[in-house]
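# Notes for the structure review
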Amino acid sequence: MERKAALLDIKKVSQSRIHEVDFNNLPFGKVYSDHMMYCDFVDGEWQRPQVVPYGPMQFDPSTKVFHYGQAVFEGMKAFKDDNDQVWLFRPERNFERINKSSKRLAIPEFPKDYFFESLKALITLDHDWVKKGQGNSLYIRPFVIATEKGVAAAPSTSYRFMIITCPAQAYYNKAVKVLFSEKYSRAASGGVGFAKAAGNYGAQFYPTNLAKEKGYEQVIWTDADKHEYLEEAGTMNIFFRINDKLVTAPTNERILKGVTRASVIQLAKDNGIEVEVGPVKVKRIVEAAEKGELKEIFGAGTAATIAQVTGFEYQNKYHDLPEVENPYNVFFKSKLQDIQYNRTEDPHGWRYAI
Ligand code: PMP
């Protein structure tokens with residue numbers, strides 16, 4: 001069935017694939033919901049967004065994104081409450097961030113009304129793909145790729161903005177062991193670390209594989225100059241609890257401005273937990289661990305919400321973290337999820353109704 005909504009065109013699937021999906025056994029990012037959105041930038045303008053059945057697309061082999069990685073993306077989630085209402089969590093921040101990322105990659109910014117109208121149309125159509133219950137969500141992946149044909153190393157003149165969505169259960173639901181990076185880095189000053197540029201992620205796979213061979217799930221990246229400061233994990237910002245104080249790095253041109261990070265900082269303030277936002281020396285964390293003052297490390301990001309870290313390796317030495325009573329990581333995860341699933345008040349207006 002085809003119809004025109006105010007800002008976009010919608011072509012529905014003739015038959016949903018939802019009955020083929022085992023929602024209790026979902027590998028992350030493998031199963032996509034019925035519809036997707038695309039919107040092309042041609043002749044200097046974003047065209048009308050198109051909501052269509054999910055499926056493959058054809059591109060010329062010379063298409064610029066394949067050669068120069070001119071691509072950015074976002075990661076968001078939709079949550080369903082007990083009354084079947086679907087909510088997004090602070091989506092304005094993702095909208096602002098994708099345009100900031102685009103700007104850095106010389107990609108034209110995307111219009112706000114197209115972004116929000118497309119999300120609403122897609123999630124309304126695929127409402128049944130958002131499952132209720134703790135840990136269940138619809139992961140939303142907006143992204144932009146350079147679509148001009150031709151291998152000349154210059155910014156593309158055409159782009160495709162897309163949104164695909166996939167049902168997700170808790171992502172990193174188990175605690176992780178991490179390696180503090182001493183050699184590789186993720187981002188450098190003047191670079192693209194603050195952007196969700198596709199290439200930032202591709203470049204992490206090799207050093208992360210090396211860490212995995214040593215038994216670590218994640219790398220905590222350190223500054224590219226001297227590897228003296230702890231910056232962030234691959235897809236999460238990172239928090240350290242020293243005694244009762246929460247410590248985290250400031251966001252800057254190398255560190256992604258995480259939505260979960262900002263929310264944890266606000267929740268800490270709301271709940272009387274002291275937060276220090278400032279450069280985090282590796283030495284300080286290692287010393288705190290040795291003195292027994294390092295109580296917790298956890299990652300904060302949309303995919304995992306909060307991921308507890310059970311220990312870290314630095315300079316070939318493994319530091320186990322203690323078990324603590326009333327851990328902050330559990331506290332923040334439940335506070336965030338209570339807001340996301342509409343189980344509590346929303347004093348800061350973080351929920352966005354679909
Ligand atoms: N850092 C990096 C490098 C990331 O890719 C992500 C995931 N977007 C985060 C931090 C966490 O950001 P958010 O809380 O907005 O998901």
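Preceding this paragraph is the structure being described.
One structure accompanies this document, and this report is about it. (Residues numbered from 1 in each chain as written. Predicted model: local features only at pLDDT ≥ 70, side-chain atom pairs only at ≥ 80, totals over all residues. Heavy atoms only, no water.)

### Re the overall build of the chain
When helices and strands are counted, the chain shows 8 helices and 21 strands. The C-alpha radius of gyration computed for the chain amounts to 21 Å, which stays within 12% of the reference 20 Å derived for 354 residues, consistent with globular compactness. Across its three principal directions, the C-alpha atoms of the chain cover 65 × 50 × 35 Å. The 354 residues of the chain split such that 51% are buried. Per element, the accessible surface of the chain, about 16500 Å² overall, is 48% carbon and sulfur. If the 47 positive side-chain charges of the chain are averaged to one point and the 45 negative ones to another, these points end up 1 Å apart. (Helix = DSSP H or I, 4+ residues; strand = E, 2+ residues; numbered from the N terminus. Rg over C-alpha atoms; globule rule 2.2 N^0.38 Å. Buried < 20%, exposed > 50% of the residue type's maximum accessible area, 1.4 Å probe, protein only. Areas by Shrake-Rupley, 256 points an atom, 1.4 Å probe, with all protein chains shown as cover. Lys, Arg positive; Asp, Glu negative; His and termini not counted. Charge placed at Lys NZ, Arg CZ, Asp CG, Glu CD.)

### Notes on the pairing of strand S12 (residues 218-222)
Counting buried residues along S12, 5 of its 5 residues qualify, which places the element largely inside the surrounding structure. On S12, burial covers both faces: Gln218, Ile220 and Thr222 on one face and Val219 and Trp221 on the other are all buried. One ladder, built from 3 bridges, connects strand S11 (residues 176-180) with S12; its direction is parallel. Paired with Val178 across the strands is Gln218, a residue of S12. The pairing of S12 with strand S13 (residues 229-232) spans 2 bridges and is antiparallel. Residue pairing across strands places Trp221 opposite Glu232, the latter belonging to S13. (Pairing = 2+ DSSP bridges.)

### So, the environment of Asn83
With respect to the secondary-structure elements, Asn83 resides in the loop between strand S7 (76-80) and strand S8 (86-89). With a relative accessible area of 68%, Asn83 lands in the exposed category. Placed 259 residues apart in sequence, Asn83 and Asn342 show a C-alpha to C-alpha distance of 9.6 Å.

### Focus on the nonpolar core
Grouped together as the largest cluster of nonpolar side chains are 54 residues, with contacts concentrated most on Trp46, Ile123 and Phe161. If we skip the residues at most four places from it in the chain, Trp46 touches Cys39, Asp40, Phe41, Pro108, Glu109, Phe110, Pro111, Tyr114, Val144, Tyr159 and Phe161. Among the nonpolar cores identified, the runner-up in size contains 26 residues, and Phe180, Ile242, Ala307 and Val309 belong to it. (Core = buried A, V, L, I, M, F, W, Y, C linked by side-chain atoms within 4.5 Å. Contact = heavy atoms within 4.5 Å.)

### Let's talk about the site of the ligand
Around the ligand, the structure places 16 residues, and the nearest of them are Lys196, Tyr201, Glu232, Thr260 and Thr302. In the environment of the ligand, an oxygen atom lies 2.8 Å from a nitrogen or oxygen atom belonging to the side chain of Arg97. At 2.6 Å, a side-chain N or O of Thr260 approaches an oxygen atom of the ligand. Look at the ligand: alone it shows 390 Å² of surface, and the protein chains cover 97% of it. Every element with two or more residues in the shell around the ligand is listed here: helix H6 (259-270) and strand S18 (294-301). Per-class residue counts for the shell around the ligand are 5 nonpolar, 7 polar and 4 charged. (Near = heavy atom within 4 Å. Polar contact = N/O pair within 3.5 Å; in protein donor to acceptor, adjacent residues only side chain to side chain. Nonpolar A, V, L, I, M, F, W, Y, C, P; charged D, E, K, R; others polar.)

### Concerning the packing of H6 against helix H8 (residues 328-340)
Helix-helix packing is characterised by the crossing angle of the two axes and by the distance between the axes. At a minimum axis distance of 11 Å, the contact between H6 and H8 shows a crossing angle of 105 degrees. If you check the angle between H6 and H8, you find them roughly perpendicular. Along the contact surface, H6 presents Thr260, Ser263, Val264, Leu267 and Ala268, while H8 presents Phe332, Lys335, Leu336 and Ile339. Residues of the contact of H6 with H8, tallied by class, amount to 6 nonpolar, 2 polar and 1 charged. (Axes fitted to C-alpha atoms, helices over the stretch in contact; angles between N-to-C directions. Parallel < 35°, antiparallel > 145°, perpendicular 65-115°, else oblique.)

### Remarks on the side chain of Asn94
In this fold, Asn94 is placed in helix H2 (residues 91-104). A relative accessible area of 2% means that Asn94 is categorised as buried. In this structure, Asn94 is in contact with Glu74, Gly75, Met76, Phe89 and Val259, ignoring residues within four places of it in sequence.

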